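Report on the structure
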Amino acid sequence: MDDGSLATVLLAMFAGAIRVSTPFLFVSLGECLTEKSGRINLGLEGTLVFGAMSGYALSFHTGSPWIGVLGAGVVGVLFGAIHGYLCKLPKVNDIAIGIALMLFGTGAAFFFGKAYIQPQAARLPSISFGGWSDDSAVQQALEINPLFIIGFFLAVAMWWAFKNTRWGLIVRTTGDSTAAAVALGINVDRVRLIATSVGGFFAGVGGSFLSLSYPGSWSEGLSSGQGLMAVALVIFARWNPLACFEAAILFGAAGALGPALQSVGISQGYHFFNAAPYIMTLGILIVAVSPKRSLKGAPAELSITK
Amino acid sequence: MSIAAADQTQHDPSSKGIGVETLGVTKRFGSLVALDDVSIKVRPGSFHALLGENGAGKSTLVKCIMGVYRPTNGQIMVDGREAVIPNPRAAHALGLGMVYQHFTLVPSLTAAENLVISRANVPGIVNWSREHADLEAFLETTPFKVPLDIPVNGLSAGEKQKLEILKQLYLNQRFLILDEPTSVLTPDEADEILGLLKGLTDSGELTILMITHKFREVTGYADDVTVLRGGQMVGSGAVADLSVEDMSHMMIGDTKLREAAARAETSVPALVVELSGLNADDDEGLPALSDINLKVHAGEVVGIAGVSGNGQSELVEVLSGQRDRSAGQIKVYGANYEPVREKMDRFKVFGLSEEPLHNVAVPSMTVAENIAFRSFDKSPIASLWGWLHPAKMRSQARGLITAYRVKTPSTEEQIENLSGGNVQRAVLARELSGDVDILIVANPCFGLDFASVAEIRAQIMEQRNQGAAVLLIAEDLDEILELADTVAVMLEGEIAYTSPIGDTDRRAIGHAMAGAH
């Protein structure tokens, strides 16, 4: 590999990292918020897929991709609210509900989405940051989608809000000690319902990115488990929104590895490189989890850490 | 007046302690009468102790005062006026606050965050520089000092307890209920905190109602005392007018306690258990035990004292096979020992633990099955092909239930339906009915009534007298002082102090527990 193609690969990975990381970023921020309040929502995979489908459908019917994004978020709120409501019922396990909602979300998306596989919907525009360069490859790499930028600011805002706002303190309290939260007069179930719903909003928006920006069309194999990988990502990020951002970039870069290598003609092991995010997920879980110690930084009320 | 008091409604150091009275309070849960016509009077600015056994109704009474329960009958007077307290929020509004036995702080939040979140009017966006200035000013008005900026899970038990009390003062609660506030503290920490609280009541700033079962704290700090037994008020008065004997008689009534078994002289000091260089990590992967060296001889009780969280539970887990050790050896009679079922059987190793229902019993299995845990896979219960004989299991259980006076409707009752004392007796029956060479005991009397405590301690002493090597891990210093031949103190995962019981006393052990030599 000569220097030119190495630069091409790196540039392609940079661009790919930003593109591929956006859904990871949104789902992981949603999951981070939900888990900070003491619940795990594995259903975000379903929210992601259903968000992708409904965002695409709305964009197709209204002609506005931003209405699609918003609609996908609203659908996510609905999914989150179902999870939050069911989990407050006695003897209900949040993980089981999450799996049920994951299957329901993907199944419903496939069912309603059949009609939208063919038609072309309006896609999200991207913002050009590469005007200063004459190199078309650089210009292309710096075509950044607006959701990525929104996601970055969302991560910073969440990080700040967990420390500096009443809501942030309440969510952290609820996730860390139900007993303490109840003693403070906090309605624990309501906080978790709201956190899960807002988390669902983020995941829905992440889904709309898949169908409206990259890859940019609706198909049934769109998500390929990104919603579930985002759960591993939150563990890796130790429940810190800023670390979620970094981890999402890392996952994005891993996901961009295969296409980037292909762009310079290395197609050997293409499928292997495409599997990089999955291998990374496995690796992270092995490194992060040990039978001998508990997870550091985990909200104490999570059903997996209790 | 401080800045904190000037611009916030929370803390006002000029306000006075308030008085609380209950008049004929009765509380029924279905057919169970938890409180029967209880009247107590806590004077404003007094330090009032509430004594009683587990189940005497102390918690129910304070929960009625705090609005957690509504009394079935009777009235609660706050500052001389009848008060209706439908929920804890109403109690807080009246200036009543409670420090629970288990910390209600949020572990991952800092002390400052814990204080601010406890307020009723947390601003939407917290201005931390102003809050910090306010908190510093507030701390100036109290005798308690706690670091504000590290997460609560990094504080010592004493600091957490101070922070719990600070939280109530910060909220300007002028009547404080403390539920066994010293149970997780070293004697020195307990004395410090109770002394500071006593200062606040003496100056009239605060009224305290303290639930306790330690006479030392009652005679040392309280002005008045009320004793509850079986849901009834059985005595009340100034502490100065009552002796410890009077109070203990009020607490247990005419129940005959089993007499403490005499400590028999044991002659042959054969070395049975030897721990050498034992190391283990805690759940975070940090070292919890470092180089534990300990010897236990036949006919000896080695008592391990220490504030909880200094490695005792990890030590018990290593010895019972629930935690891997990272280095070191356990030797029994000079041979290497691994805590697995087969070796436990061969070396006759048995154990008792705190909260047996949680640790060493299966709650939803029957009493007979729980009693058979050590013997179900052996003759006569098990036959050659691994088939069990439930009838033989039941008849073995019936014998032990009688011998150890376990109160249960039948052998087929689920063990979780028994009272705490009876669960511990059933475990006692399982562990002590055979030949015991080694006994590992951890806080066996935690949460039990006096009669059960006396029974269990007598049984442990009996095993010692019969030549068992006993390792007793206890947070209750009185238990160590009563039973141990040799005292060891654990501090931060190390054995910080050892001494024959005859050469030491509560003070020396207490200092070692606190890390002072």
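In this text, all values refer to a predicted model and were calculated from it rather than measured experimentally.

1. Some thoughts on the sheet that holds strand β1 (residues 20-29) of chain B
Residues and elements named next belong to chain B. A sheet is described by the order of its strands in space; here four strands give the open sequence β2-β1-β4-β5, paired in antiparallel fashion. Among the strands making up the open sheet, the edge pair consists of β2 (32-42) and β5 (81-83). With direction set aside, neighbouring strand axes in the sheet form an average angle of 30 degrees. As judged from the three bridges shared by strand β4 (residues 73-78) and β5, these two strands associate in the antiparallel manner. Bridging from a neighbouring strand, methionine 77 pairs with glutamate 82 of β5. Strands β1, β2 and β4 of the sheet are contacted by helix α2 (residues 58-65), whose axis makes an angle of about 115 degrees with β1.

2. Brief notes about the pairing of strand β14 (residues 327-332) of chain B
Residues and elements named next belong to chain B. Sheet analysis places strand β11 (residues 271-281) next to β14, joined by five bridges and oriented antiparallel. Within β14, the residue paired with leucine 275 across the bridge is isoleucine 330. With two bridges joining them, β14 and strand β15 (residues 335-336) adopt antiparallel strand pairing. Each residue of the ladder has a partner; that of lysine 331, found in β15, is asparagine 336.

3. Some words on empty space enclosed by the protein
All names here are of chain B. Considering all chains together, one arrives at three cavities of 30 Å³ or more under this definition. The computed volume of the largest cavity comes to approximately 80 Å³. Together, Val273, Val296, Leu319, Ile330, Val332, Tyr337, Val349, Ile438, Ile440 and Leu471 line the largest cavity. Listing elements by their share of the lining of the largest cavity, those giving two or more residues are β14 and β17 (438-442). The residue inventory of the lining of the largest cavity, partitioned by class, reads 10 nonpolar, no polar and no charged.

4. Description of the pattern of salt bridges
Residue and element names in this part refer to chain B. Enumeration over the complete set of coordinates arrives at 29 salt bridges over all chains. Note that lysine 41 and glutamate 21 form a salt bridge whose closest N and O atoms lie 3.6 Å from each other. Linking lysine 41 in strand β2 with glutamate 21 in strand β1, this pair joins segments that are 20 residues apart in sequence. Measuring nitrogen to oxygen at the nearest pair gives 3.7 Å for the salt bridge that ties aspartate 191 to arginine 216. You can see aspartate 191 sitting in helix α7 (residues 187-202) and its partner arginine 216 sitting in helix α8 (residues 215-221), a full 25 residues away along the chain. One network of salt bridges, with partners in common, ties together Arg341, Asp345, Asp377 and Lys378.

5. Remarks on the interface of chain A and chain B
Contacts between the two partners involve 19 residues from chain A, matched on the other side by 22 residues from chain B. Across the chain A to chain B interface the summed buried area is about 1,800 Å²; carbon plus sulfur atoms make up 56%. Inspection of the chain A/chain B interface yields one salt bridge. Between glutamate 113 of chain B and arginine 172 of chain A there is a salt bridge, with its nearest N and O atoms 3.1 Å apart.

6. Considerations on the sheet that holds β15 of chain B
Residues and elements named next belong to chain B. Here we have four strands laid out as an open sheet, ordered β12-β11-β14-β15, and antiparallel in their pairing. Of all strands in the sheet, those bounded by a partner on one side alone are β12 (287-297) and β15. Here β11 runs beside β12; their pairing, made up of seven bridges, is antiparallel. Its bridge partner being in β12, aspartate 281 is matched across the sheet by proline 287.

7. Quick notes on the packing of aromatic side chains
Inspection of the entire model under this criterion finds 15 aromatic pairs over all chains. On the basis of an interplanar angle of 80 degrees and a centroid distance of 5.1 Å, the ring pair of phenylalanine 111 of chain A and phenylalanine 112 of chain A is categorised as edge-to-face. Look at phenylalanine 111 of chain A and you get exposed, because its relative accessible area is 62%. On the basis of relative accessibility, which here comes to 49%, the residue phenylalanine 112 of chain A falls in the partly exposed class. Relative to tyrosine 69 of chain B, the ring of phenylalanine 29 of chain B has its centre 5.1 Å away and its plane inclined at 75 degrees; by these criteria the two rings are edge-to-face. Of the two residues, phenylalanine 29 of chain B is situated in strand β1 and tyrosine 69 of chain B in the loop between α2 and β4; the sequence distance between them amounts to 40 residues. The lysine or arginine in question, arginine 19 of chain A, covers the ring of tyrosine 214 of chain A, its NZ or CZ lying 4.6 Å from the ring centre.

8. Regarding the state of the cysteines
Residues and elements named next belong to chain A. Scanning all chains against the criterion turns up zero disulfides over all chains. Cysteine 87 carries a free sulfur, and the closest cysteine sulfur to it, the one in cysteine 32, is 18 Å from it. On the basis of relative accessible area, cysteine 87 is assigned to the buried category, the value being 9%.

9. Structural notes on the layout of surface pockets
Counted as a void, the second largest pocket has a volume near 970 Å³. Taken together, 35 residues make up the lining of the second largest pocket; nearest its centre are Ala183, Leu184 and Gly185 of chain A together with His92 and Ser118 of chain B. Put simply, the parts of the chain that give the lining of the second largest pocket at least two residues each are α7 (166-176) and α8 (178-183) of chain A together with α3 (88-93), β6 (96-99) and α6 (157-170) of chain B. Tallied by class, residues from the lining of the second largest pocket come to 18 nonpolar, 12 polar and five charged.

10. What about unusual backbone geometry?
Residue proline 215 of chain A is bonded to the preceding tyrosine 214 of chain A through a cis peptide linkage, with omega at 0 degrees. Among the secondary structure elements, proline 215 of chain A is positioned in the loop between α9 (188-212) and α10 (226-236). For serine 224 of chain A, which is not glycine, the phi dihedral falls at a positive 40 degrees. Of note in the backbone geometry, glutamate 492 of chain B takes a positive phi value of approximately 50 degrees without being a glycine. Among the secondary structure elements, glutamate 492 of chain B is positioned in the loop between β19 (486-491) and β20 (494-500). Judged by relative accessible area, glutamate 492 of chain B falls into the exposed class, the value being 65%.

11. Observations concerning the domain arrangement of chain B
Residue and element names in this part refer to chain B. When the domains of chain B are assigned, the result is domain 1 (2-105 + 172-252), domain 2 (270-348 + 436-443 + 468-517) and domain 3 (355-434). Contact with domain 1, which involves seven residues of that partner, is made by nine residues of domain 2. Between domain 1 and domain 2 lies a buried interface of about 580 Å² when both sides are counted; carbon and sulfur atoms form 64% of it. Considering only the surface of domain 1 that becomes buried against domain 2, Thr186, Pro187 and Asp188 emerge as the three largest contributors, covering 61% of it.

Conventions we followed
- Residues numbered from 1 in each chain as written.
- Chains lettered and ligands numbered in written order.
- Predicted model: local features only at pLDDT ≥ 70, side-chain atom pairs only at ≥ 80, totals over all residues.
- Heavy atoms only, no water.
- Pairing = 2+ DSSP bridges.
- Helix = DSSP H or I, 4+ residues; strand = E, 2+ residues; numbered from the N terminus.
- Axes fitted to C-alpha atoms, helices over the stretch in contact; angles between N-to-C directions.
- Contact = heavy atoms within 4.5 Å.
- 1 Å grid on protein atoms, 1.4 Å probe; cavity = no way out; pocket = protein on both sides within 12 Å on 5 of 7 lines; lining within 4 Å.
- Points joined across faces, edges and corners; volume = space filled by probe spheres on them.
- Nonpolar A, V, L, I, M, F, W, Y, C, P; charged D, E, K, R; others polar.
- Salt bridge = Lys/Arg side-chain N within 4 Å of Asp/Glu carboxyl O.
- Buried area = accessible area lost by both parts, 1.4 Å probe.
- Phe/Tyr/Trp six-rings, centres within 6.5 Å; stacked < 30°, edge-to-face > 60°.
- Buried < 20%, exposed > 50% of the residue type's maximum accessible area, 1.4 Å probe, protein only.
- Lys NZ or Arg CZ within 6 Å of the ring centre and 35° of its normal.
- Disulfide = S-S within 2.5 Å.
- Domains from an automatic or database assignment.

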